[in-house]
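# Notes for the structure review
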Amino acid sequence: KWYLLKTEHNIEMKDDLIKHKLLGILSMQFIISGINTSENIGLTYDEILEKLKITRLDLDRLTAELFVNKEIAFQNIQGPDGLFSNEIGVMAFSTKKYKKRHNDQIINISKNITQILVPILSLLIAILAIIWKIDANSENNKKVEVLEKRIIDLEKIIKTENKKKQ
């Protein structure tokens, strides 16, 4: 799609969708662990990377904001290291915080494009209207010339008829 060009802004937009998906995965695990206490509260890095199909470097980059907002935390109590979501993360997922931000960015891009395209299209329409008006005027001028010629011809005929009668 045109808005997914490899720019920093567009990568950030795509990241919001991945953050939403990550929060969804971790939130489900958080809820399941509350119901079934034998389940871990979070997921290992390997499990997360497999589900999101991203690299560890990408995961570290994506989780930075989530850590700052305290929506996720490290899990290293039992077994391998991983991540888990908390109540704030579950709320961010359920309110679709990052998905909404992604959609808002698309709407803003659309508004910007519209603000550029509408004046350009208006200008093109105005230019076309002027061209059509000029064409119509030139046709009218030709018709006027033909009518003037006929009037002159008719005047000549009338003069010659008047001379014959006299």
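The structure under discussion appears in the preceding block.
Rules used throughout
Residues numbered from 1 in each chain as written. Predicted model: local features only at pLDDT ≥ 70, side-chain atom pairs only at ≥ 80, totals over all residues. Heavy atoms only, no water. Buried < 20%, exposed > 50% of the residue type's maximum accessible area, 1.4 Å probe, protein only. Helix = DSSP H or I, 4+ residues; strand = E, 2+ residues; numbered from the N terminus. Pairing = 2+ DSSP bridges. Contact = heavy atoms within 4.5 Å. Axes fitted to C-alpha atoms, helices over the stretch in contact; angles between N-to-C directions. Phe/Tyr/Trp six-rings, centres within 6.5 Å; stacked < 30°, edge-to-face > 60°. Lys NZ or Arg CZ within 6 Å of the ring centre and 35° of its normal. Core = buried A, V, L, I, M, F, W, Y, C linked by side-chain atoms within 4.5 Å. Arc of directions from axis to C-beta. Salt bridge = Lys/Arg side-chain N within 4 Å of Asp/Glu carboxyl O.

## Considering the pairing of strand β3 (residues 82-85)
Side chains of β3 alternate between two faces, with Gly 82 and Phe 84 and Leu 83 and Ser 85 buried alike. The pairing of strand β1 (residues 43-44) with β3 spans 2 bridges and is classified as antiparallel. Residue pairing for β3: Thr 44 is matched across the bridge by Gly 82. As judged from the 4 bridges shared by strand β2 (residues 72-75) and β3, these two strands associate in the antiparallel manner. Residue Gln 75 lies in a different strand from β3, and its bridge partner there is Gly 82.

## Digging into the sheet that holds β1
On the basis of which strands lie adjacent, the open sheet formed by 3 strands has the order β1-β3-β2 and antiparallel pairing. Only two strands of the sheet have a single partner each, and these edge strands are β1 and β2. Helix α3 (residues 56-68) rests against β2 and β3 of the sheet, and its axis sits at about 120° to β2.

## A word on the packing of aromatic side chains
According to the stated counting rule, one finds 1 aromatic pair in the structure shown. An angle of 25° between the planes, with centres 4.6 Å apart, marks the rings of Phe 67 and Phe 74 as stacked. For Phe 74, a relative accessible area of 54% corresponds to the exposed category. Across the ring face of Tyr 45, the terminal group of Arg 56 is positioned such that the distance to the ring centre comes to 3.6 Å.

## Focus: unusual backbone geometry
For Lys 53, which is not glycine, the phi dihedral falls at a positive 55°. Position of Lys 53 among the secondary structure elements: in the loop between α2 (45-52) and α3. Accessibility expressed as a relative area gives 72% for Lys 53, which makes it exposed. Unlike most non-glycine residues, Lys 70 shows phi in positive territory, near 60°. Position of Lys 70 relative to the elements: it lies in the loop between α3 and β2.

## Notes on the nonpolar core
Residues Leu 22, Leu 26, Ile 48, Leu 52, Ile 54, Leu 59 and Leu 83 are the most contacted members of the largest nonpolar core, which totals 18 residues. Where this core is concerned, the elements lending two or more residues are α1 (8-35), α2 and α3. Counting residues per element, this core draws most heavily on α1, which supplies 5 residues. Residues in contact with Leu 59, not counting those within four places in the same chain, are Leu 22, Tyr 45, Ile 48, Leu 49, Leu 52, Ile 54 and Leu 83.

## Some points on α2
The complete set of buried residues in α2 reads Tyr 45, Ile 48, Leu 49 and Leu 52. Seen along its axis, α2 keeps its buried residues to an arc of 95°; they face one direction. Projecting away from the buried face of α2 at angles above 90 degrees are the exposed residues Asp 46 and Glu 50.

## Topic: the pattern of salt bridges
Side chains bearing opposite charge may pair, as long as their charged atoms lie close to each other. This structure, assessed with the given rule, holds 8 salt bridges. Lys 19 serves as the salt-bridge partner of Asp 16, at 4.0 Å between the closest nitrogen and oxygen. In this pair, Asp 16 and Lys 19 are both assigned in helix α1, 3 residues apart and thus about one turn of the helix distant. Side by side, Asp 16 and Lys 19 carry an identical accessibility label, which is buried. With relative accessibility at 8%, the residue Lys 19 sits in the buried group. Put simply, Asp 16, Lys 19, Glu 65 and Arg 101 are held in one network by salt bridges that share partners.

Function cannot be read off these values alone, since they describe shape.
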